[in-house]
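Structural overview for review
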Amino acid sequence: MAKKIYFTPGPAALYPTFEQHLKQALDEQIPSISHRSNHFREIYQDTFENLKHLFDLPNEYAILFTSSATEIWERLLMNCVDSESLHLVNGAFSKKFYEYALDLKKPAIKYDVPFGEGFHKNDIEINYKTDHIAVTHNETSSGVSIPLETIHDLKKGRNNRLVSVDIVSSAPCVSLDFTKIDSAYFSVQKGFGMPAGLGVWLVNEKCLLKAEMIESKGMVTGTYHRLREMWKKFEEFQTPETPNVLGIYLLGKIAGDMLKKGLEKIQKETEEKAAMLYRFFDQHAQFEPFVKNPAFRSKTVIVVNTQVSSGEIIQKLNSKNLVVGSGYQEYKSKQIRIANFPATSLEETECLLKSLKEMV
Ligand SMILES: *Cc1c(COP(=O)(O)O)cnc(C)c1O
């Protein structure tokens, strides 16, 4: 069967070295090892160290594993929100996080802007009560990316305020200053080019102290995956439950490959491919990038308005073994979404654009 190239924004194309590491993992019988063994501890530590270097994490950060990024929303709300969670909502993912706050009956407010738009630093008003701010660096539903200066400014000197950043569809191509935030998280089926089923939570000691404070008030922060329990286990490179050992192993290997290649190089390639994609759609009569403000255009998820039904384009591309995503929810038939993750090469991106040129 001919191999397809997946430009879908998650699950996405597998990272080029994934297959080799998977084979190695099977040779080493990784799926059968005990999660209480020293071997597992070494795997966790290895993955931790590679990710720590990749993201340039300060020492006060732990790296914890969950089942998904969605799970981390719940962990954050239960462990890090006491007086008020402010949600910057500009699409489907940031909205869901806000809705989960309401489900958990946490005091939460949202500041929303229309779909396809981002946030301007000076427009964000923050209440005195706000003790947690949730921001989505890259809204996968709309293709909007928030400039890092805006994110880095959210604490505004108020150190007690926790800032958590969704980097699900921008990691690893995001140069966050982790001293200016408290927590960031992603799942591995997007920019890391792995199968779904593993969430990664980068979280600092301030979040841990917050969870302790919330517990001291008699509030419930969770059971096996409450932050204190996860952190305690992390200190010995263990997890409360039987974790996704294979996923943790493969993530460490892929993060190691990314370090060897160099994050700067990966980011430069991402920028080149993104510039090529936007240039093509800006100039094409039948297409138009959805996000108008260049400062808000995502480099990793490119959302494009189509004149003809996007289903038709998706189908035609599919017959050439090129897979792109449809628009999100009500934009399903009016847009296509193209992931520009590290796993897809410049040549593959050129191939996609050549096919689009020929068909419309
Ligand atoms: C995909 C995605 C999520 C959810 O990830 P899961 O792994 O499905 O939990 C959250 N936020 C953003 C921005 C996403 O793109």
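Note: the structure precedes this text.
Residues numbered from 1 in each chain as written. Predicted model: local features only at pLDDT ≥ 70, side-chain atom pairs only at ≥ 80, totals over all residues. Heavy atoms only, no water.

On to the overall build of the chain. Each helix and strand in the chain was counted, giving 11 helices and 15 strands. In summary, the chain has a C-alpha radius of gyration of 20 Å against a globular reference of 21 Å for 360 residues, a match within 12%. Overall, the C-alpha framework of the chain stretches about 65 × 55 × 35 Å when taken along its three principal axes. Relative to its full complement of 360 residues, the chain shows a buried share of 58%. Excluding contacts between residues fewer than 6 apart, the proportion of contacts in the chain whose partners are at least 24 apart in sequence is 72%. Summing over all exposed atoms, the chain offers an accessible surface of approximately 15700 Å²; the carbon and sulfur share of this is 49%. The positive charge centre, built from 44 side chains, and the negative charge centre, built from 45, are 3 Å apart in the chain. (Helix = DSSP H or I, 4+ residues; strand = E, 2+ residues; numbered from the N terminus. Rg over C-alpha atoms; globule rule 2.2 N^0.38 Å. Buried < 20%, exposed > 50% of the residue type's maximum accessible area, 1.4 Å probe, protein only. Contact = heavy atoms within 4.5 Å. Areas by Shrake-Rupley, 256 points an atom, 1.4 Å probe, with all protein chains shown as cover. Lys, Arg positive; Asp, Glu negative; His and termini not counted. Charge placed at Lys NZ, Arg CZ, Asp CG, Glu CD.)

On to the site of the ligand. Residues in close proximity to the ligand total 13 residues, the closest being Thr 70, Thr 140, Asp 166, Ser 187 and Lys 190. Measuring from an oxygen atom of the ligand, one finds a backbone N or O atom of Ala 69 at 3.2 Å. A distance of 2.4 Å separates an oxygen atom of the ligand from a polar atom in the side chain of Thr 140. When isolated, the ligand has an accessible area of 380 Å², and the protein chains bury 88% of it. A total of three residues in the shell around the ligand trace back to one element, the largest contributor, which is helix H3 (residues 69-80). Residues belonging to the shell around the ligand are distributed by class as follows: four nonpolar, seven polar and two charged. (Near = heavy atom within 4 Å. Polar contact = N/O pair within 3.5 Å; in protein donor to acceptor, adjacent residues only side chain to side chain. Nonpolar A, V, L, I, M, F, W, Y, C, P; charged D, E, K, R; others polar.)

In this section: the packing of helix H6 (residues 205-216) against helix H7 (residues 227-234). Remark: H6 packs on H7, axes separated minimally by 9 Å, with the N-to-C direction vectors making an angle of 135°. Comparing their axes, H7 and H6 come out oblique. Helix-helix and strand crossings are classified by hand; for H6 and H7 the assignment is left-handed. Every residue of H7 that contacts H6 at Glu 205, Cys 207, Leu 208, Ala 211, Glu 212 and Glu 215 is listed here: Leu 227, Arg 228 and Trp 231. (Axes fitted to C-alpha atoms, helices over the stretch in contact; angles between N-to-C directions. Parallel < 35°, antiparallel > 145°, perpendicular 65-115°, else oblique. Left-handed = near helix turned anticlockwise from the far one by under 90°.)

Turning our eyes to something else, we now look at H3. If you check H3, its first and last C-alpha atoms are 16 Å apart, about what 12 residues at 1.5 Å a residue would give, namely 16 Å. Taken together, the buried positions of H3 are Ala 69, Glu 71, Ile 72, Trp 73, Arg 75, Leu 76, Leu 77, Met 78, Asn 79 and Cys 80. (Expected span 1.5 Å × (residues − 1).)

One pass over the full model with this rule turns up 21 aromatic pairs. When the ring of Phe 48 is compared with that of Phe 234, the centres are 5.3 Å apart and the planes differ by 65°; the resulting orientation is edge-to-face. Here the residue Phe 48 occupies a position in helix H2 (residues 38-55), and Phe 234 occupies one in helix H7, the gap between them amounting to 186 residues. Judged by its relative accessible area of 10%, Phe 48 is buried. Ring centres of Tyr 61 and Phe 178 lie 5.4 Å apart, and the angle between their planes is 85°; on these two criteria the pair is classed as edge-to-face. Of this pair, Tyr 61 sits in strand E2 (residues 61-66) while Phe 178 sits in the loop between strand E8 (162-166) and strand E9 (183-187), placing them 117 residues apart in sequence. One exposure class covers both Tyr 61 and Phe 178, and it is buried. Chaining the aromatic ring pairs together yields one cluster made of Phe 40, Tyr 44, Phe 48, Phe 65, Trp 231, Phe 234 and Phe 237. (Phe/Tyr/Trp six-rings, centres within 6.5 Å; stacked < 30°, edge-to-face > 60°.)

Attention now goes to the sheet that holds strand E15 (residues 335-339). Here four strands make up an open sheet; going across it, the order is E11-E12-E15-E14 and the pairing antiparallel. Whereas interior strands pair on both sides, the edge strands pair on one side only; in this sheet they are strand E11 (287-289) and strand E14 (325-326). Direction of pairing for E11 relative to strand E12 (residues 301-306): antiparallel, over a ladder of three bridges. Note that in E12 the partner of Phe 287 across the bridge is Thr 306. (Pairing = 2+ DSSP bridges.)

With that settled, the discussion passes to unusual backbone geometry. The step from Gly 10 to Pro 11 runs through a cis peptide bond, and the omega angle for that step is -10°. Along the polypeptide, Pro 11 turns up in the loop between strand E1 (5-6) and helix H1 (18-27). Looking along the chain, the bond that leaves Ala 171 and enters Pro 172 is cis, with omega of 5°. Along the chain, Pro 172 falls in the loop between E8 and E9. Phi at Gln 29 takes a positive value of approximately 55°, unusual for a residue other than glycine. Looking at where Gln 29 falls in the secondary structure, it is placed in the loop between H1 and H2. Notably, Phe 237 is not glycine yet its phi reads approximately 50°, a positive angle.

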